[in-house]
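Examination of the molecular architecture
Chain by chain, the residues run as shown.
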Amino acid sequence: MLAAREQKLIALHAEHFSRIYQYIAYRINDRERAEELANDVFRIVWEKQPPEPPGLGWLIATARNVLGNEYKGRSRRDQLMQRLAEEARVQAVTTSDDEQQATVAEILSRLKDRDREILMLSYWDDLTTAELAESLGCTASAAAVRLHRARKAFAKAAPQHLMTEREV
């Protein structure tokens, strides 16, 4: 039973993935994210377990809904980053620590979403590597690699004085 269901999904994926991917990729400007969202469409098919394999129209409608959620998420992230940047600017008026916070907020706003997310989860939410892995839905080693890459991206974007450690 399960094997037959898997075979139907594999066949559906093979037949329609490229069309669903193109539909999504034309609407967002991130190939990797478009692939993730296209795969989400087929995950939804798997979860809903329709009695008959859905047609291209149903898949496109699902892709449209997935894109709508992506647009809403991007809008919320943009609003959050604007609010953080504004708060950092307001606080930066008083002290040098506030200047550092403003600089960090500005650098974070320029990073890729996935880099910003893992840095915030690690430093602001104080998650361990295992907790990062669980929240991101990946292995601990993958989370560690993502965190390392995000740190490198931050260091590359940050001014040198921000990256040197202060003595206590």
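That block above? That's the structure.
Owing to the predicted nature of the structure, the values given are computational and were not obtained by experimental measurement. (Residues numbered from 1 in each chain as written. Predicted model: local features only at pLDDT ≥ 70, side-chain atom pairs only at ≥ 80, totals over all residues. Heavy atoms only, no water.)

1. What about the nonpolar core?
What tends to happen in soluble globular proteins is that the nonpolar side chains get buried as a cluster. Worth spelling out the cut-off: Think of a nonpolar core as a cluster: buried Ala, Val, Leu, Ile, Met, Phe, Trp, Tyr and Cys residues, connected wherever their side-chain atoms sit within 4.5 Å. Using a 1.4 Å probe on the protein chains alone, a residue whose accessible area is under 20% of its type maximum counts as buried, one over 50% counts as exposed, and one in between counts as partly exposed. Strands are runs of DSSP state E lasting at least two residues, helices are runs of H or I lasting at least four, and both sets are numbered from the N terminus onward.
I20, I24, V41, F42 and L59 are the most contacted members of the largest nonpolar core, which totals 19 residues. It is helix α2 (residues 31–48) that contributes the most residues to this core, seven residues altogether. Counting 18 residues, the second-largest nonpolar core is a separate cluster that includes M81, L132, A150 and A158.

2. Here we look at unusual backbone geometry
The phi dihedral of Q49 falls on the positive side, at around 50°, and the residue is not glycine. On the secondary structure map, Q49 appears in the loop between α2 and α3 (56–91). In this model, D126 sits at a positive phi of 55°, which is unusual for a non-glycine residue. Within the element layout of this structure, D126 appears in the loop between α5 (113–124) and α6 (129–136). The class for D126 is exposed, based on a relative accessible area of 62%.

3. A closer look at the packing of aromatic side chains
Condition: The aromatic pairing rule takes the rings of Phe, Tyr and Trp, using the six-membered ring of Trp, and pairs them if the centres are within 6.5 Å, calling planes under 30 degrees apart stacked, those over 60 edge-to-face and the rest tilted. Charge over a ring is defined by NZ of Lys or CZ of Arg lying within 6 Å of the ring centre and within 35 degrees of the ring normal.
This structure, assessed with the given rule, holds two aromatic pairs. Put simply, the rings of F17, Y21 and F42 pair up and form one aromatic cluster. Its guanidinium or amino end placed over the ring of W46, R5 lies 3.6 Å from that ring's centre, counting from NZ or CZ. One cation-aromatic arrangement involves R27 over Y23; the distance from NZ or CZ to the ring centre is 3.8 Å.

4. Focus on the environment of L121
With respect to the helices and strands, the residue L121 is situated in helix α5. On the accessibility criterion, L121 (16% relative accessible area) is buried. Once the C-alpha coordinates of L121 and L147 are considered, the two residues, 26 residues apart in sequence, prove to be 9.7 Å apart.

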